[in-house]
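# Structure at a glance
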Amino acid sequence: MTLPHKTSATLADGREIHFYDDVAGREHKAVDTRVLPPVESGSELRWDPTTEEWVVMAAHRKARTADTTAQCPLCPSSDAAATEIPAGDYDVAVFENRYPALRGAGSDPHPGSTSLTVPAGGRCEVMVFGSEHETSLARMPEQRVRTVIEAWADRTEVLNALPDVEQVVCFENRGNEIGATLAHPHGQIYAYPFMPSRFERMQRAARHAHARGAGCVFCSVLETELSAGHRIVARSPHWTAFVPHAARWPYEVHLYANRHVPDLAALTAEERADLADSYRSLLRRFETVTEAPLPYMALWIQAPARGERDHSHLHAQVFSDRATPLKPKRLAAGELGAGTFISEVEPEQAAAALRAAETWTAAGPLAA
């Protein structure tokens, strides 16, 4: 894997920070001038035997920074204010979360454990997509999106190598309406010490498909969507975006690698370059499909760190909880409590609207 220029440093409390540059040659003399106490998470994992899944207890996260503060902690540092980014300008920065839900080496969190409560190991990182505050990933130059992808791939590879990590998830919450606490364009990376329950169910479905001789269940889904055609949003040489047949959200798109590949780190240079264009185009559709940009959540489903990696098929899921900017889908008891979604938007209609959505704004084309 070819990386963009990468520089690493240490923040005042000992946390790691990594800078990824669009082009080589930038020097980051990162010196964090703040005086910070050591990070203490105190998180723990509690096992629910009735559903056989782990719940993360992280009460300390109530103290994390929100947009009510005068100084954005993700903007560059200046003489007037030191932030989480000890640099005057940067392209992409990744650092350990100061209020992590998961941190350090925890006890082995497996169902066979005799304890229902164990320390929460793993790692939580923040990825900032650039130093500019008033923008979005969809509006950034293609080269910047490529750098973000390269950083995702690098962090996936690094975190997968940690002994207590089972699943790496790269994700973004865009818009305070959907839960983002900071407006500055950024995402997060969670390195879980266990496989999250939904990922585990997907892995089980893949295992069952292989056991009955059906091959990769994700490849089969992609082939079915390509044959049907009417839920396809966009297609490129290496990627296909479609609204799933059983979409749960008003606007929901899955972006599949056309090749069966386990994770971002395994992509070829051509696939990563094509992804930069395909992913940015998809996010632009979420900004223009309605009269105002839709808040969204996005995450990457990758192979687990170890075991059954051949069963996984890399893809992203991007979804919004609303059909219009002012009409959120409120999850009812049957959905939150029983886990069965009820969709009030036809996937085929959502796909048609997203296909028709412009990939530029009324003010003109977005940055090329």
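So, a few notes on the structure that sits alongside this text.

It is worth spelling out the overall build of the chain at this point. Counting secondary structure elements, the chain contains six helices and 16 strands. Taken against the 2.2 N^0.38 rule, which gives 21 Å for 368 residues, the C-alpha radius of gyration of the chain at 20 Å falls within 12% of a compact globule. With respect to the three principal axes, the spread of C-alpha positions in the chain is 60 × 55 × 40 Å. Scored against the burial criterion, the 368 residues of the chain give a buried share of 51%.

Moving on, we get to the layout of surface pockets. Within this model, the largest pocket holds a volume of roughly 1,200 Å³. Lining of the largest pocket is provided by 31 residues; of these, Tyr-192, Pro-196, Arg-198, Phe-199 and Leu-299 occupy positions nearest its centre. Only strand 4 (53-57), strand 8 (167-174), strand 9 (186-192), helix 2 (197-211), strand 13 (296-301), strand 14 (315-320) and helix 5 (333-336) provide two or more residues apiece to the lining of the largest pocket. Along the lines of polarity and charge, the residues of the lining of the largest pocket split into 20 nonpolar, four polar and seven charged.

In this section: the sheet that holds strand 13. Strands sit in the order 1-2-5-7-9-8-13-14-12-11-10 across an open sheet of eleven strands; the sheet is antiparallel. A single partner strand is all that each edge strand has here, and the edge strands are strand 1 (6-10) and strand 10 (232-235). Here the average twist between neighbouring strands, direction ignored, is 20 degrees. Both strand 5 (residues 92-96) and strand 7 (residues 123-128) contribute to a ladder of four bridges, which runs antiparallel. Residue pairing across strands places Val-94 opposite Met-127, the latter belonging to strand 7.

With that settled, consider the pairing of strand 2 (residues 16-20). Within a regular beta strand, the side chains point alternately toward one face of the sheet and then the other, so they alternate between its two faces. In terms of burial, strand 2 is largely enclosed, as four of its five residues are buried. Of the strand pairs in this sheet, strand 1 and strand 2 are connected by five bridges, and their pairing is antiparallel. Counterpart to Ala-9 in the pairing with strand 2 is Ile-17. Between strand 1 and strand 2, which pair antiparallel one after the other, the connecting turn spans five residues, and Gly-14 there sits at a positive phi close to 95 degrees. When strand 2 meets strand 5, the two strands line up antiparallel, connected through four bridges.

Moving on: empty space enclosed by the protein. Scanning the entire structure with this criterion turns up one cavity of 30 Å³ or more. What the largest cavity holds in volume is close to 90 Å³. Lining the largest cavity are 13 residues; nearest its centre among them are Met-202, Gln-203, Ile-301, Gln-302 and Ser-312. If you tally residues by element for the lining of the largest cavity, the top one is helix 2, at three residues. A class-by-class count of the residues in the lining of the largest cavity yields eight nonpolar, five polar and no charged.

If you walk across this open sheet you meet the three strands as 4-3-6, and the pairing is antiparallel. Among the strands making up the open sheet, the edge pair consists of strand 4 and strand 6 (117-119). The average undirected angle you get between the axes of adjacent strands in this sheet is 30 degrees. As paired elements, strand 3 (residues 44-48) and strand 4 share five bridges and run antiparallel to each other.

As a further point, take a positive patch on the surface. A cluster of basic residues, Arg-198, Arg-201, Arg-204 and Arg-248, forms a positive patch at the surface. Mapped onto the fold, Arg-204 is located in helix 2. Classification of Arg-204 by relative accessible area gives partly exposed; the value is 35%.

Attention now goes to the nonpolar core. By size, the foremost hydrophobic cluster in this structure holds 50 residues, and its most contacted members are Met-127, Trp-152, Leu-255, Leu-264, Leu-275, Tyr-279 and Trp-300. Looking at which element gives the most residues to this core, the answer is helix 1 (residues 142-160), with seven residues. Ignoring any residue separated from it by four or fewer positions in sequence, one finds Trp-300 in contact with Trp-152, Val-169, Cys-170, Phe-199, Trp-239, Leu-255, Leu-264, Leu-275, Tyr-279, Leu-314, His-315 and Ala-316. Grouped together as the second largest cluster of nonpolar side chains are 26 residues, Leu-45, Val-169, Phe-218 and Phe-319 included.

Turning our eyes to something else, we now look at the side chain of His-313. Counting through the fold element by element, His-313 comes out in the loop between strand 13 and strand 14. Engagement of the side chain of His-313 in a polar contact is seen with the backbone oxygen of Ala-257, the distance being 2.7 Å. Side chain to side chain, His-313 and His-260 meet in a polar contact 3.3 Å long.

Parameters at a glance
Residues numbered from 1 in each chain as written. Predicted model: local features only at pLDDT ≥ 70, side-chain atom pairs only at ≥ 80, totals over all residues. Heavy atoms only, no water. Helix = DSSP H or I, 4+ residues; strand = E, 2+ residues; numbered from the N terminus. Rg over C-alpha atoms; globule rule 2.2 N^0.38 Å. Buried < 20%, exposed > 50% of the residue type's maximum accessible area, 1.4 Å probe, protein only. 1 Å grid on protein atoms, 1.4 Å probe; cavity = no way out; pocket = protein on both sides within 12 Å on 5 of 7 lines; lining within 4 Å. Points joined across faces, edges and corners; volume = space filled by probe spheres on them. Nonpolar A, V, L, I, M, F, W, Y, C, P; charged D, E, K, R; others polar. Pairing = 2+ DSSP bridges. Axes fitted to C-alpha atoms, helices over the stretch in contact; angles between N-to-C directions. Patch = residues over 30% accessible without salt bridge, like charges linked within 9 Å, V, L, I, M, F, W, Y side chains within 5 Å. Areas by Shrake-Rupley, 256 points an atom, 1.4 Å probe, with all protein chains shown as cover. Salt bridge = Lys/Arg side-chain N within 4 Å of Asp/Glu carboxyl O. Lys, Arg positive; Asp, Glu negative; His and termini not counted. Charge placed at Lys NZ, Arg CZ, Asp CG, Glu CD. Core = buried A, V, L, I, M, F, W, Y, C linked by side-chain atoms within 4.5 Å. Contact = heavy atoms within 4.5 Å. Polar contact = N/O pair within 3.5 Å; in protein donor to acceptor, adjacent residues only side chain to side chain.

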